[in-house]
Amino acid sequence: MDKLLELLNENARYTNAQLSAMLGEPKEDIEKRIKKYEKQGVIKGYKTIINWEMTDFERLTAIIELKVSPKKNIGFEEIAETVMRFDEVESVYLMSGGYDLMVMVTGKSFQEIAMFVAKRLAPLDSVLSTATHFLLSRYKQDGVILHGEPVDERRNILL
Amino acid sequence: MIDYQSILTKRIKEVKPSGIRRFFDIANEMDDVISLSIGEPDFYTPWHIRDAGIKSLEMGKTHYTSNKGLNDLREEISKYMYRRNEISYSPEDQILITVGGSEAIDLCIRSVIDYGDEVLIPEPSFVCYNPITVLAGGIPVTIETKVEDNFRLTADALRKAITPKTKLLILPYPNNPTGGVMRREHLQEIAEVLRGTNIMVLSDEIYGELTYGDVRHVSIASIEDMYERTIVVNGFSKTYAMTGWRLGFVCGPKEIMSAMTKLHQYAIMSAPTTAQFAAIEALKNGDDDIEMMKSEYDKRRRLILDGFKRIGFECFEPEGAFYTFPSIKQTGMDSEQFCEKLLYSQRVALVPGTAFGDSGQGFVRVSYCYSTKHILEALDRIETFIKQL
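These figures come from a predicted structure and were not determined experimentally.

*Asks:* Please clarify how the packing of helix α3 (residues 21–29) of chain B against helix α13 (residues 335–346) of chain B should be interpreted in this entry.
*Replies:* Relative orientation and spacing of two packed helices are given, respectively, by the angle between their axes and the distance between those axes. Residues and elements named next belong to chain B. At a minimum axis distance of 11 Å, the contact between α3 and α13 shows a crossing angle of 10 degrees. Comparing the axis directions of α3 and α13 gives the class roughly parallel. Residues Arg22, Phe23, Ile26 and Ala27 of α3 touch α13, and the partners they reach there are Cys339, Glu340, Leu343 and Tyr344. Grouping the amino acids of the contact of α3 with α13 by side-chain chemistry returns 6 nonpolar, no polar and 2 charged.

*Asks:* Just to check I follow, could you spell out the interface of chain A and chain B for this structure?
*Replies:* How big an interface is tends to be expressed through the accessible area that disappears when the partners come together. With 18 residues of chain A at the interface, the matching set in chain B holds 25 residues. Both faces considered, chain A and chain B share a buried interface measuring about 1700 Å² in area, 56% of it formed by carbon and sulfur atoms. Summed over the shared surface of chain A and chain B, the result is 1 salt bridge. One salt bridge connects Glu10(A) with Lys299(B), and the closest N-O pair in it is separated by 2.9 Å. In this assembly, chain A and chain B are joined by 5 residue pairs in polar contact (both at pLDDT 80 or more). Elements represented by at least two residues in the side of chain A that touches chain B include exactly α1 (3–10) and α2 (16–23) of chain A. In terms of residues, the side of chain A that touches chain B owes the most to one element, α2(A), which gives 5 residues.

*Asks:* Would you explain the packing of aromatic side chains in this entry?
*Replies:* Two aromatic rings are characterised by how far apart their centres lie and by the angle between their planes. Residues and elements named next belong to chain A. Tallying each qualifying case throughout the model produces 21 aromatic pairs over all chains. With a centroid separation of 5.2 Å and 90 degrees between ring planes, the pair formed by phenylalanine 86 and phenylalanine 116 is classed as edge-to-face. One end of the pair, phenylalanine 86, is in the loop between α4 (77–84) and β2 (89–94); the other, phenylalanine 116, is in helix α5 (residues 110–121), with 30 residues separating them in the sequence. Owing to a relative accessible area of 15%, phenylalanine 86 belongs among the buried residues under this scheme. Taking relative accessible area as the criterion, phenylalanine 116 reaches 5% and is therefore assigned buried.

What counts, and where the lines are drawn
- Residues numbered from 1 in each chain as written.
- Chains lettered and ligands numbered in written order.
- Predicted model: local features only at pLDDT ≥ 70, side-chain atom pairs only at ≥ 80, totals over all residues.
- Heavy atoms only, no water.
- Axes fitted to C-alpha atoms, helices over the stretch in contact; angles between N-to-C directions.
- Helix = DSSP H or I, 4+ residues; strand = E, 2+ residues; numbered from the N terminus.
- Parallel < 35°, antiparallel > 145°, perpendicular 65-115°, else oblique.
- Contact = heavy atoms within 4.5 Å.
- Nonpolar A, V, L, I, M, F, W, Y, C, P; charged D, E, K, R; others polar.
- Buried area = accessible area lost by both parts, 1.4 Å probe.
- Salt bridge = Lys/Arg side-chain N within 4 Å of Asp/Glu carboxyl O.
- Polar contact = N/O pair within 3.5 Å; in protein donor to acceptor, adjacent residues only side chain to side chain.
- Phe/Tyr/Trp six-rings, centres within 6.5 Å; stacked < 30°, edge-to-face > 60°.
- Buried < 20%, exposed > 50% of the residue type's maximum accessible area, 1.4 Å probe, protein only.

Coordinates in, geometry out; function isn't part of it.
Quick look at the structure:
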């Protein structure tokens, strides 16, 4: 795998100069490769990891397990397409195991999300059942620990 | 009232306390200090290695091991030394497991140094060789290494330092604090000087796995005629991020190893058992961990080097260990002044080069055992500091 992608995954705000230094490659090559990846759709976008709990923004996330009946020839594609078009839906994953689709939904309150599930998701034709789990606290997200800074326990004992 | 000063030996009183202790005490008291001063990996010991230690405890492996260390571990070290350096050491009588590389250095110097013997110590280098030599009754003779030689020990400098009293040469490469390495051709030049003498070499290879680019560490013991005059010190601390486990090893001619084992047996008994079990796992299945950590260090090394150059420092390109050693001479300050001012004005802690010997004057040691985020923040502050001068 291209190390450039690894670095951008680690921190999308590295400057091209920093990326060039870390990889030991000319800055122009880095710029070109990023453009290429964006064009190809390998890089789909850049986002910020925000600890919403520290802001005054009211935001709640739920994970909804959907059991669905797959359609002949198109399998899960059709229902997944339908579900992912809702603005409230943050991500949709096809899962192995006890249920089929994992849907992450964000909303302002329990009420809002519950209504979304009851009025929009549950009534869909191929949906057999839903189970809604509200996310209570985020400890670590996308590889980043959200609560407190890790403490460096190392001491200068000798050089 | 007991006069404790009269109780302490002359020799221990001769050993100076570390001059920069005070400096770190200040740094530790201050808030919001960002440090690039620590010389140990920021990684945790890889899980499978920790697990092997835990398993050994569960199995009740809580006794002393033999004085020399676990047989299985010595076997693994023997295999490692062969696959890494193509040199053979018998697990029976040429390998000793110690409490870190530090104990091995102490044992070696105390076993070969008599009163008045001279020990050659290239500087800048790790801080323990000098005091241990003094405590053993020996005379430390420092050899200044220079940035224009990439901080390598040169054959010329070595030849000039040798006297009839010279007993031991310390070869601390890859080097802390400079990051300098000795390549095969440089070691061959050193070997040329030593061939036919009775001078022994203590090769401190604790950073031997941490070299970057196409450089691979070469042990001087693998150079012709050097095997019989070399004591190789190595350990698990830097290679596998196992500093707290306190485990090292030493290999060499059996007559010397036997003397060192005697000393180890009376002073230490045996190295920590749990750590020894973990170390077996490290040697058997830890190669991928080394690669992962090395590639991470290399990335940071490039980043920090680029950062210092951009700010306007002259910085020799380190090829090993995890330190850079930029020159601060253009600021007109000496190393201590620079570090102190930087600490007070921007709250960045670096180590003055003089902590590693007088020849470190005009340099600072910068460790990259830190996350890139931490390094970038420190570089920003250093840049602000330089702009304000």
